[in-house]
Amino acid sequence: MKEWIQIPNGGALAQVATYSEQIVSQYRSHPLIEALPSIKSSEEVIQSLASYPDFDPGERFADSHYRFHMIQQLLSYFQPLPIHIDLESRISRLIRQGYLNRNPLTPKYAATLVQGYQDIKKGQLNQITHGSPSGLTLIGVSGMGKSSAINRIMQMMPQVICHSNYKETQLSMYEVVFLRLECPPDG
């Protein structure tokens, strides 16, 4: 069972970091990556994303005013498709690859933070200091389930992780795994 703490002055909850050994060599000895949930197989993704309402054959014989309530259970139905499995894999890779040049245990990370602070003070914000960014675009017609799929996938990850100690090294930081920004249809 994961442990959660409340962020001071923020009110939000952060998952307390627990670290796991990484099979992918470039992810090893990186606390931000090791604190993430493990990389999931297709079967694990299906298990995590799927949501099926309870079914009781006897409910078919209930009075209509009850059946109207029972029908509402269908709103929680979600059947993962191959596109959802692919999307989860892409998001998992994006997050992990984005952390590779941001290992808080390396001198390069500290130097980058100092340089970034100096650039901000000088008003020079045009330099990318953490490597080349990557991204993902998901386009489709309204109502086809883009936001629902993304929301379900992101629920598989903690939004904030609290680090205090990593392999006997003090590490006091909050890791914001993702930010969710919604744009209204009228822009």
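Residues numbered from 1 in each chain as written. Predicted model: local features only at pLDDT ≥ 70, side-chain atom pairs only at ≥ 80, totals over all residues. Heavy atoms only, no water.

## Let's talk about the nonpolar core
Here's step 1: Counting 26 residues, the largest nonpolar core has Leu36, Ile95, Tyr99 and Val177 as its most contacted members.
Here's step 2: Here tyrosine 99 is in contact with His30, Leu32, Ile33, Leu36, Glu175, Val176 and Val177, once residues within four sequence places are set aside. (Core = buried A, V, L, I, M, F, W, Y, C linked by side-chain atoms within 4.5 Å. Buried < 20%, exposed > 50% of the residue type's maximum accessible area, 1.4 Å probe, protein only. Contact = heavy atoms within 4.5 Å.)

## With respect to the packing of helix α2 (residues 42–49) against helix α4 (residues 82–99)
Here's step 1: Taken N-terminus to C-terminus, the directions of α2 and α4 make an angle of 105 degrees; their axes are 10 Å apart at the nearest point. Judged by the inter-axis angle, α2 sits roughly perpendicular to α4. Residues Ser42, Val45, Ile46 and Leu49 of α2 touch α4, and the partners they reach there are His84, Ile85 and Glu88.
Here's step 2: Of the residues assigned to the contact of α2 with α4, the class counts are four nonpolar, two polar and one charged. (Axes fitted to C-alpha atoms, helices over the stretch in contact; angles between N-to-C directions. Helix = DSSP H or I, 4+ residues; strand = E, 2+ residues; numbered from the N terminus. Parallel < 35°, antiparallel > 145°, perpendicular 65-115°, else oblique. Nonpolar A, V, L, I, M, F, W, Y, C, P; charged D, E, K, R; others polar.)

## Considering the sheet that holds strand β3 (residues 160–166)
The strands making up a sheet are joined through hydrogen bonds of the backbone, oriented either antiparallel or parallel.
Here's step 1: Taken in spatial order, the four strands of this open sheet run β1-β2-β3-β4, and their pairing is mixed. The open sheet has two free edges, formed respectively by β1 (4–6) and β4 (169–176), since each of these has just one partner strand. The mean angle between the axes of side-by-side strands here comes to 30 degrees, regardless of whether they run parallel or antiparallel.
Here's step 2: In the sheet, strand β2 (residues 13–16) pairs with β3 via two bridges, with the strands oriented parallel. Bridge pairing in β3 links valine 16 to cysteine 162. (Pairing = 2+ DSSP bridges.)

## Some words on the packing of aromatic side chains
Here's step 1: All chains considered together, the criterion is met by two aromatic pairs.
Here's step 2: On the numbers, 4.8 Å between centres and 80 degrees between planes, the contact of tyrosine 19 with tyrosine 166 is edge-to-face. With tyrosine 19 in the loop between β2 and α1 (31–34) and tyrosine 166 in strand β3, the pair connects residues that are 147 residues apart, well separated along the chain.
Here's step 3: Given the relative accessible area of 27%, tyrosine 19 is considered partly exposed. (Phe/Tyr/Trp six-rings, centres within 6.5 Å; stacked < 30°, edge-to-face > 60°.)

## A short note on the pattern of salt bridges
Here's step 1: Per the stated rule, a full pass over the model turns up one salt bridge.
Here's step 2: The partner of aspartate 86 in a salt bridge is arginine 90, with the nearest N and O atoms 2.7 Å apart. Residue aspartate 86 and its partner arginine 90 are both found in helix α4; the two are separated by four residues, about one turn of the helix.
Here's step 3: On the basis of relative accessibility, which here comes to 32%, the residue aspartate 86 falls in the partly exposed class.
Here's step 4: Overall, the relative accessible area of 37% leaves arginine 90 in the partly exposed class. (Salt bridge = Lys/Arg side-chain N within 4 Å of Asp/Glu carboxyl O.)

What is shown is where atoms sit, not what they do.
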